[in-house]
Amino acid sequence: MKRIRVLVTKPGLDGHDRGAKVVARAFRDAGFEVIYTGLRQTPEMIAETALQEDVDVIGLSLLSGAHNTIFPRLISELKARGLEDLLLIGGGVIPEGDIPSLKAMGVAEIFTPGTPTGKIVDFVAARAG
Amino acid sequence: MTDTAADLLAGSRRALARAITAVENDAPEAEAILRAVHPHTGGAHVIGVTGPPGAGKSTLTDHIAKAFRAAGERVGIVAVDPSSPFSGGAILGDRIRMGDLALDPGVFIRSMASRGSLGGLARHAADAAALMDAAGMGVVLVETVGVGQSEVDIARAADTTVVVLVPGQGDGVQAIKAGILEIADIFAINKADRDGVPQLEAELNAVLDLAERRPAWRPPVLRTVAKTGDGVAELAENIVRHLAHLRESGGLESRRLARAEAELLARLEEGLRRRVVAAALPPERLAALAARVVRREADPYTLTAELLAECFAG
């Protein structure tokens, strides 16, 4: 039987992982299998993990303000591995004004603080189920 | 041969990842992939690492993998974590302890949820290990939480089983109860910088010396501190020594024969069950028969015999 596999990860030097853990937990409770890597991942590590784990979705937690750097680098690492079709989502402190350009480069959705976890789960279930 | 199998054998990591997914999902193409790679398996040293939650298995597995990498081996890791019995989902967190290995091209790590399927976990983990073997990994580490029958089954699929224990979690009798004494080829007392190590060591040794028959291989009881890497070199040496012992004593062949027998029987059971259910036991009929059993109008023994007769008559 197929189950949705999601990589939940935190790139860069930001150590605040509560949001990522809350979302990971919501995914598990929705019946998804969550690969949780913990902190301080590089875009290359994230792409390689996504490949080995054959995930359907990558969820990036970003609170450091580095989203405009990290997402393009991750997307190029994913392309190098033939993984550009993966559903890529982000969450955290990301200014509204930056969202359109992130979406234009291939990020499917950005969830900002205050988003109910159910909304994120529904989005993933609809797009990756 | 399927494309996935051919690509896997040619060294594609993506193909290996997809093949494991196919096996895990019992996808239609899984059997063809396994069939195609089977002639290319049998070369890897499969090592089971098991023990109670929080014993430090992931960190220790990370160190063991590095020791084998330093010796020039390519290493595969299958890390199993439990699925939630309520939602069926899982949080697979073994990679948190294996960050340094993420970018090593000689290492392939796959997290696997137990999925609580009827004995399916052991088969899925063993098949994933076989796929890594076929992909050229000289060492495959299979890490599981050592509680329950499916973990014992996984251990049976390994050439060498390392049981990880920590001091201060109950006496040696707990270890006997858990059935892990019988499956251990090597004991690692992890977190050995804590109190209670000599006691646990003495208890394990005492229990091992109670064995009636003197085995040719007496499981060594080692001390490790996974956090610092202390004792890991000795653990890796003992793992290699155990494989050498198995080769010399003929134990490797007998273990692998027993494993092949068990696998044939398990696959046969599953195939038969599937056929019988498909032919004679749609869900409504199963529910109706179950209701008769509960009302004491029929007994399960007679019903089983009747169903089998119905399926295999003539």
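To keep things clear, this report deals only with the structure shown in the data block. Please read all numbers here as calculations on a predicted model, not as lab measurements.

## A word on the overall build of chain B
Point 1. Along the backbone of chain B there are 13 helices and eight strands.
Point 2. Relative to its length of 314 residues, chain B is compact, with a C-alpha radius of gyration of 21 Å against a globular reference of 20 Å.
Point 3. Reported as C-alpha extents along the three principal axes, the dimensions of chain B are approximately 60 × 50 × 40 Å.
Point 4. Relative to its full complement of 314 residues, chain B shows a buried share of 48%.
Point 5. For chain B, contacts bridging at least 24 residues in sequence account for 74% of all contacts bridging at least 6.
Point 6. Of the roughly 15400 Å² of accessible surface on chain B, 56% is carried by carbon and sulfur atoms.
Point 7. Separation of charge centres in chain B, based on 35 positive and 41 negative side chains, amounts to 2 Å.

## Considerations on the nonpolar core
All names here are of chain B.
Point 1. In terms of nonpolar packing, the biggest core is built from 35 residues, with L8, L16 and L131 touching the most fellow members.
Point 2. At the level of elements, α1 (3-9), α2 (13-24), α3 (30-37), β2 (75-81), β4 (107-113), α5 (120-134) and β5 (139-145) are the ones that each hand at least two residues to this core.
Point 3. When residues of this core are assigned to their parent elements, the largest contribution, eight residues, is made by α5.
Point 4. Of the domains in this structure, domain 1 (1-38) and domain 2 (41-249) are the two that each give at least three residues to this core.
Point 5. Core analysis: the next-biggest nonpolar cluster, separate from the first, contains 27 residues, I47, V49, M98 and V107 among them.

## Considerations on the packing of aromatic side chains
All names here are of chain A.
Point 1. Enumeration over the complete set of coordinates arrives at two aromatic pairs over all chains.
Point 2. With a centroid separation of 5.5 Å and an interplanar angle of 35°, the aromatic rings of F27 and F32 are classed as tilted. There is no split in this pair, since F27 and F32 are both buried.
Point 3. Taking the centre distance of 5.7 Å and the plane angle of 75° together, the rings of F111 and F123 count as edge-to-face. Taken together, the residues span a long stretch of sequence, with F111 in strand β5 (residues 109-111) and F123 in helix α5 (residues 117-128) at a distance of 12 residues. The pair formed by F111 and F123 is uniform in burial state, with each residue classed as buried.

## A word on the sheet that holds β2(B)
Residue and element names in this part refer to chain B.
Point 1. Ordered by their spatial adjacency, seven strands build an open sheet running β4-β2-β5-β1-β6-β7-β8, and the pairing between neighbours is parallel. Both edges of this open sheet fall to β4 and β8 (221-223), since each of them pairs with a single strand only. Between one strand axis and the next, the sheet turns through 20° on average, direction left out of account.
Point 2. In the sheet, strand β1 (residues 45-51) pairs with strand β6 (residues 160-165) via four bridges, with the strands oriented parallel. Considered in β6, the bridge of I47 is made with T160.
Point 3. Across the sheet, helix α4 (residues 57-70) is in contact with β1, β2, β4, β5, β6 and β7 (186-189); its angle to β5 comes to roughly 175°.

## Description of the sheet that holds strand β4 (residues 87-92) of chain A
Strands in a sheet are paired, the pairing made by backbone hydrogen bonds, and the direction either parallel or antiparallel.
Point 1. Taken in spatial order, the six strands make up an open sheet running β5(A)-β4(A)-β3(A)-β1(A)-β2(A)-β3(B), and their pairing is parallel. The open sheet is flanked by β5 of chain A together with β3 (90-92) of chain B, the only strands paired with a single partner. Across the sheet, the mean angle from the axis of one strand to that of its neighbour is 25°, orientation sign disregarded.
Point 2. Together, β1 (5-9), β2 (33-36), β3 (57-62) and β4 of chain A together with β3 of chain B form the strand contacts of helix α1 (residues 18-29) of chain A, whose direction differs from that of β2(A) by roughly 155°.
Point 3. Where α5(A) meets the sheet, it contacts β3, β4 and β5 of chain A, and its direction lies at approximately 170° from that of β4(A).

## Examining unusual backbone geometry
Residues and elements named next belong to chain A.
Point 1. A positive phi angle, near 50°, is found at D54, a position not held by glycine.
Point 2. Inspection of the secondary structure assignment puts D54 in the loop between α2 (43-53) and β3.
Point 3. Residue D54 is classed as buried on the basis of its relative accessible area, which comes to 15%.

## Re the interface of chain A and chain B
Point 1. The interface is formed by 28 residues belonging to chain A together with 28 residues belonging to chain B.
Point 2. Both sides together, the interface formed by chain A and chain B hides about 2400 Å², and carbon and sulfur atoms give 49% of it.
Point 3. Here chain A and chain B share five salt bridges between them.
Point 4. With a shortest N-O distance of 3.8 Å, A:E53 and B:R110 are connected by a salt bridge.
Point 5. Run the count over chain A and chain B and you get 17 residue pairs in polar contact (both at pLDDT 80 or more).
Point 6. Mapped by element, the contributors of at least two residues to the side of chain A that touches chain B are α1, β2 and α2 of chain A.
Point 7. Sort the elements by how many residues they give to the side of chain A that touches chain B and α2(A) lands first, with seven residues.

## Considerations on helix α13 (residues 300-312) of chain B
Point 1. For α13(B), with 13 residues, the first-to-last C-alpha span of 18 Å sits near the 18 Å given by 1.5 Å per residue.
Point 2. Its side-chain oxygen at 2.9 Å from the backbone nitrogen of B:Y301, B:D299 defines the N-terminal cap of α13(B).

## Digging into a nonpolar patch on the surface
All names here are of chain B.
Point 1. On the surface, a nonpolar cluster with roughly 480 Å² of combined accessible area is contributed by L265, L268, L272, L308 and F312.
Point 2. Among the elements of the structure, α11 (251-280) and α13 are those that each provide at least two residues to the nonpolar patch.
Point 3. Examining the composition of the nonpolar patch, we find that three residues originate from one element, α11, more than from any other.
Point 4. Examined against the element boundaries, L265 turns out to sit in helix α11.

Criteria and cut-off values
Residues numbered from 1 in each chain as written. Chains lettered and ligands numbered in written order. Predicted model: local features only at pLDDT ≥ 70, side-chain atom pairs only at ≥ 80, totals over all residues. Heavy atoms only, no water. Helix = DSSP H or I, 4+ residues; strand = E, 2+ residues; numbered from the N terminus. Rg over C-alpha atoms; globule rule 2.2 N^0.38 Å. Buried < 20%, exposed > 50% of the residue type's maximum accessible area, 1.4 Å probe, protein only. Contact = heavy atoms within 4.5 Å. Areas by Shrake-Rupley, 256 points an atom, 1.4 Å probe, with all protein chains shown as cover. Lys, Arg positive; Asp, Glu negative; His and termini not counted. Charge placed at Lys NZ, Arg CZ, Asp CG, Glu CD. Core = buried A, V, L, I, M, F, W, Y, C linked by side-chain atoms within 4.5 Å. Domains from an automatic or database assignment. Phe/Tyr/Trp six-rings, centres within 6.5 Å; stacked < 30°, edge-to-face > 60°. Pairing = 2+ DSSP bridges. Axes fitted to C-alpha atoms, helices over the stretch in contact; angles between N-to-C directions. Buried area = accessible area lost by both parts, 1.4 Å probe. Salt bridge = Lys/Arg side-chain N within 4 Å of Asp/Glu carboxyl O. Polar contact = N/O pair within 3.5 Å; in protein donor to acceptor, adjacent residues only side chain to side chain. Expected span 1.5 Å × (residues − 1). Patch = residues over 30% accessible without salt bridge, like charges linked within 9 Å, V, L, I, M, F, W, Y side chains within 5 Å.

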